[in-house]
Structure formats: structure tokens, C-alpha cells
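Now for the letters of each chain:
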Amino acid sequence: MNPKTQESPLDDVNEIRRIDKSNMLSFSIEAAKHYNEATKISEKMSADFTKPENIVIAGMGGSAIGGELLKDYTRIQAPVPIEVSKDYTLPAYANRKTLVLAVSYSGDTEESLSAFLDAIKRQCTIYCISSGGTLLNFAEKLNVSFLRVPAGMPPRAALPYLLVPQLVLLEKMGLVSDVSEGLGEATKLLGKFSRENSPEKPVGKSLAKSLASGIHGTVPVVYGFGVYRGVAQRWKQQFNENSKVHAKWEVFPELNHNEIVGWEKADALAKQFSTVFLRDKNEPSEVRSRIEITKTLMPQNSKKFEVWAQGKSTLAKLLSTILMGDFISVYLAILRGVDPTPVQTIAMLKQKLGETGTKERIVRELEKLKPAQ
Ligand code: F6R
């Protein structure tokens, strides 16, 4: 065995467990189980409302990324516009013909509660997805449809429980197809990925560990395209929150019109980045040409990696590529010696915001509302 890889903390299961104190890795290892459970839970959802003219998914951070993925997945299928709204208010067009999916894992995020309040005021059709908190408290009181998902996870690790219900609901509404088959194939593939990248696998035998080692010491930049737009965004967020690093995400073809100029000067600054290209053997030929040409225009010695999607169905490809990013972000955290789970800065920010009284004001307004008939 290569003595260099032997020295890596990623080859030492005890070291991985010591740093990953709250066991973030378990969510990647058990991803298939969580997607299966999420599918079962979602079966009880009822789409018993008139077809909307548009759909707005209101949420923040780890609770909004499911909406981004849904938007990409449904883009070539759904006949209605879908927007992810990460703000206190909904877009101006939202009205009684809008379906609002209010997604907040904790149910206590002030922007999401404010968007929920806005949706009620505009008489939108609302469906809440959450583990509880203030959101479900008011959903129950105000007769708003909701799905309660299992509690006790970091929101970003609860992605299966936040994404699958949205997919299933849209399938039940007849807006997308192939969700059930796609999830079936995906869960098998996720199980295989988890075994191939388990903590016991040596760096040389695990794509996730070797990519984490390659990225270590740089700012990761993730390039997606088409349906992999939200995946690139998820990778970036997981690098931020799990590995505690800065990260960037961009998409083809737009990145060809601005981002690539940043590579013009092959100086010390450019060397601080590494680029991960998300690839698919069925990627459109025009995207393929752009990726290949872009690589030739980047400094030769800049770190470039490629991750090829696996699976047949779009869902299997999406979810397995997401899982790869999740694994890499945790292994990168181990290499940096940081516990992937706590996100102290977000917690501190929320605590300080709590002192400003905004959330209390939103709750007071919610308390004044009467239940829908
Ligand atoms: C934490 C995380 C965050 C939260 C965000 C919103 O794991 O991923 O991005 O998702 O602060 O909180 P929730 O999801 O509870 O509405």
C-alpha cells in the first residue's frame, strides 16, 4: 500500500469516528433507508385540491434545496411554473391559484414562517412539510394541510424527508411522472454507493475519500448543468456546512459567459480553487462540447475533477450524485479536523435574530388568524 495514503486520517476508522462526533456520516451510510422511509411517509399525502396555476416552494437553506432539486427534475415535465422562494415574502404573483409548499425542517425559521403568513394572507393553497415547531403548530390550528416528518436530524441531513414528499405530491397531482420507479432504482444505487464509500474503505478504493483528499486545501467550485443545477448547489452547501469551507457553484452554459474569465490569469489566486465537473454519459452534446472546451481554457495546472452520474433514471442519477457530494463533504471535514454536524455560526445568528423581535411579531400576526373552513 502507498505509505502516503496510509497516513491519511481517512484510512483510520477510529479517527473518522472521533472527529465526526455526532455521526453525520450515518445519514450518508443509511441514505437508502431514509429515502425508503420518506417514500412510505409520503404515501399518506393527499393532493385533494384544484390544480394550481403555479407552485412556490418557500423555505431556507437545507429546507429549500429539496425545492431546487424538484424544480430541476420537473422542468422538462411540469406544465406549471415552479419557483423556490427564499425570503420573507412570496413573489407578487402568488394568489389563490398558487400552491405554496412551506418547507422548514425545524418549523421555526423566521423567513419561512413569514412566507407562510404571507401565503395565508394571499389565500394560496398551502401544504407544510416540517418536523414540528411553530409552523406545524399553526398549520394544525389554522386547518392547513401538512406532513409531519421525523424529528431529530440536522435539517440538511433530512433531505430525503423534505424532497420525497414534494415529488410524491406533484406525482399525485399528475404534474410529473416516473417518481415511484425512479425512487426504487435510486434507493438500490444509494445502498451500493454507501457500501463503496463507507468509513472502512481505504482512500484508494473510495471515490468520495479520494476526491475529498484532492479538494482538501482548496476552495471547491462545482460546475453543474441542466438537471444537475440543484445538485451543484447542494454540494456547495454541504461543503459550507459540513466541511466549514467556502465553496462556489455555477452552471453550464451560463458559466461560459462570465465565470470562465476568472480563470484567465493562471496566478496564485486561481490555484486556490479546485473544480468539480458534474458529468453524465447522456449529457447533451452541446453541453459536452462546452465542458471539454472550458477545460482547455482553464489553467493546465488547476485542480480539476469529474464525477460521472450513475444509474438509469434521472432521479437515481440525481440522488446518487447528491450522496457522493454529501460523503465528500463529510470526509473533507475529517481531513480539516472539524466536526461536520454543528453549524455554530447559523445557530448564533438565529439566536441574535431572535432578540430582534421579528419572529415574535410574525407569531403575533399568525395568532390573530382564523382557521380556514
Ligand atoms: C442546517 C441547515 C440550515 C437550515 C436553515 C433553515 O442543517 O442545513 O441551512 O436548513 O437554517 O432551517 P430549517 O431547515 O429548520 O427551516
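Residues numbered from 1 in each chain as written. Predicted model: local features only at pLDDT ≥ 70, side-chain atom pairs only at ≥ 80, totals over all residues. Heavy atoms only, no water.

Trainee: Can you walk me through the sheet that holds strand β4 (residues 125–130) in this structure?
Mentor: Think of a sheet as strands paired side by side through backbone hydrogen bonds, with each pair either parallel or antiparallel. Pairing is parallel across the open sheet formed by five strands, whose spatial order is β2-β1-β3-β4-β5. The outermost strands of the open sheet, each flanked by one partner alone, are β2 (82–85) and β5 (145–148). Along the sheet, successive strands turn relative to each other by an average axial angle of 15°, direction set aside. Bridge count for β4 against β5 is four bridges, and the pairing is parallel. When the bridges of β5 are listed, Y127 appears paired with S145. In the packing of helix α6 (residues 110–121) onto the sheet, contacts are made with β1 (54–58), β3 (98–103) and β4, and the angle to β4 comes to roughly 160°. (Pairing = 2+ DSSP bridges. Helix = DSSP H or I, 4+ residues; strand = E, 2+ residues; numbered from the N terminus. Axes fitted to C-alpha atoms, helices over the stretch in contact; angles between N-to-C directions. Contact = heavy atoms within 4.5 Å.)

Trainee: How should I be thinking about the site of the ligand in this particular structure?
Mentor: The ligand sits among 13 residues. The nearest are S63, S104, S106, T109 and R156. Within the contact set of the ligand, an oxygen atom lies 3.0 Å away from a backbone nitrogen or oxygen of G62. At 2.6 Å, a side-chain N or O of T109 approaches an oxygen atom of the ligand. For the ligand, whose unbound accessible area comes to 400 Å², protein coverage reaches 94%. Class assignment for the residues of the shell around the ligand results in four nonpolar, six polar and three charged. (Near = heavy atom within 4 Å. Polar contact = N/O pair within 3.5 Å; in protein donor to acceptor, adjacent residues only side chain to side chain. Areas by Shrake-Rupley, 256 points an atom, 1.4 Å probe, with all protein chains shown as cover. Nonpolar A, V, L, I, M, F, W, Y, C, P; charged D, E, K, R; others polar.)

Trainee: What's the story with unusual backbone geometry in this structure? I'm lost.
Mentor: Residues apart from glycine generally show negative phi values, whereas peptide bonds are mostly found in trans. Cis geometry is adopted by the peptide bond preceding P253, which originates at F252 and carries an omega value of 0°. Located in the positive-phi region is N143, a residue other than glycine, with phi close to 60°. Mapped onto the fold, N143 is located in the loop between α7 (133–141) and β5. With relative accessibility at 53%, the residue N143 sits in the exposed group. Despite not being glycine, D178 shows a phi value in the positive range, around 70°. Position of D178 relative to the elements: it lies in the loop between α8 (159–172) and α9 (179–196). (Buried < 20%, exposed > 50% of the residue type's maximum accessible area, 1.4 Å probe, protein only.)

Trainee: Before we go on, may I ask you to explain helix α11 (residues 229–243) in this structure?
Mentor: Owing to its 3.6 residues per turn, the α-helix brings residues three or four apart onto one side. Taking 1.5 Å as the rise per residue, α11 with 15 residues should run 21 Å; its terminal C-alpha atoms sit 21 Å apart, in good agreement. Of all 15 residues making up α11, 13 are buried, and the element is well covered by its neighbours. Backbone geometry just after α11 places K244 at a positive phi near 55°. (Expected span 1.5 Å × (residues − 1).)

Trainee: What should I look at first to understand the pairing of strand β8 (residues 273–279) in this one?
Mentor: Walk down a regular strand and you will see the side chains alternate between the two sheet faces. The element β8 is extensively covered by neighbouring structure, given that six of its seven residues are classed as buried. As paired strands, strand β6 (residues 219–225) and β8 are joined by five bridges and run parallel to one another. Counterpart to V221 in the pairing with β8 is T275. Both β8 and strand β9 (residues 303–308) contribute to a ladder of six bridges, which runs parallel.

Trainee: Mind showing me how you'd approach the state of the cysteines here?
Mentor: Should the sulfur atoms of two cysteines be covalently bonded, the bond is a disulfide. For the structure on display, the rule yields zero disulfides. C128 supplies the cysteine sulfur nearest to C124, a cysteine that is in no disulfide, at a spacing of 12 Å. Its relative accessible area of 0% is what places C128 among the buried residues. (Disulfide = S-S within 2.5 Å.)

Trainee: For this particular structure, what's the right way to read the sheet that holds β9?
Mentor: The parallel open sheet is built from four strands, whose spatial order is β7-β6-β8-β9. Two strands in the sheet have a free side with no partner beyond their single neighbour: β7 (248–252) and β9. Taking the axes of each pair of neighbouring strands and ignoring which way they run, one obtains an average angle of 25° across the sheet. In the packing of α11 onto the sheet, contacts are made with β6, β7, β8 and β9, and the angle to β7 comes to roughly 170°.

Trainee: How should the pattern of salt bridges be read in this particular structure?
Mentor: Pairing is possible between side chains that carry opposite charge, provided their charged atoms lie close to one another. This structure, assessed with the given rule, holds 24 salt bridges. In this structure, the salt-bridge partner of R17 is E200, at a minimum N-O distance of 3.3 Å. You can see R17 sitting in helix α2 (residues 13–19) and its partner E200 sitting in the loop between α9 and α10 (207–215), a full 183 residues away along the chain. Residues joined by salt bridges that share partners form a network here, namely R279, E283, R288, E292, K295 and E306. (Salt bridge = Lys/Arg side-chain N within 4 Å of Asp/Glu carboxyl O.)

Trainee: How do you make sense of the packing of aromatic side chains when you look at a structure like this?
Mentor: The geometry of an aromatic ring pair is captured by two quantities: the separation of the ring centres and the angle between the planes. Applying the stated criterion to the full structure yields seven aromatic pairs. Geometrically, the ring pair formed by F252 and F277 is stacked, given 6.4 Å between the ring centres and 25° between the ring planes. Highlighted residues: F252 in strand β7 and F277 in strand β8, separated in sequence by 25 residues. In this pair, the class of F252 matches that of F277, namely buried. Ring geometry for F327 against Y331: centres 6.0 Å apart, planes inclined by 15°, an arrangement best described as stacked. Of this pair, F327 and Y331 both sit in helix α13 (residues 314–336), separated by four residues, roughly a single helical turn. As far as the burial class goes, F327 and Y331 line up, both buried. Members of the aromatic cluster, connected to one another through ring pairs, are Y223, F252 and F277. The ring of F138 is capped by K141, whose NZ or CZ atom sits 4.9 Å from the centre of that ring. (Phe/Tyr/Trp six-rings, centres within 6.5 Å; stacked < 30°, edge-to-face > 60°. Lys NZ or Arg CZ within 6 Å of the ring centre and 35° of its normal.)

Trainee: Explanation requested: the side chain of S104 in the structure shown.
Mentor: Checked against the element boundaries, S104 lands in the loop between β3 and α6. Residue S104 is classed as buried on the basis of its relative accessible area of 2%. Filtering out sequence-adjacent residues up to four positions away, S104 remains in contact with S63, T109, S112, I129, S130, S131 and L135.

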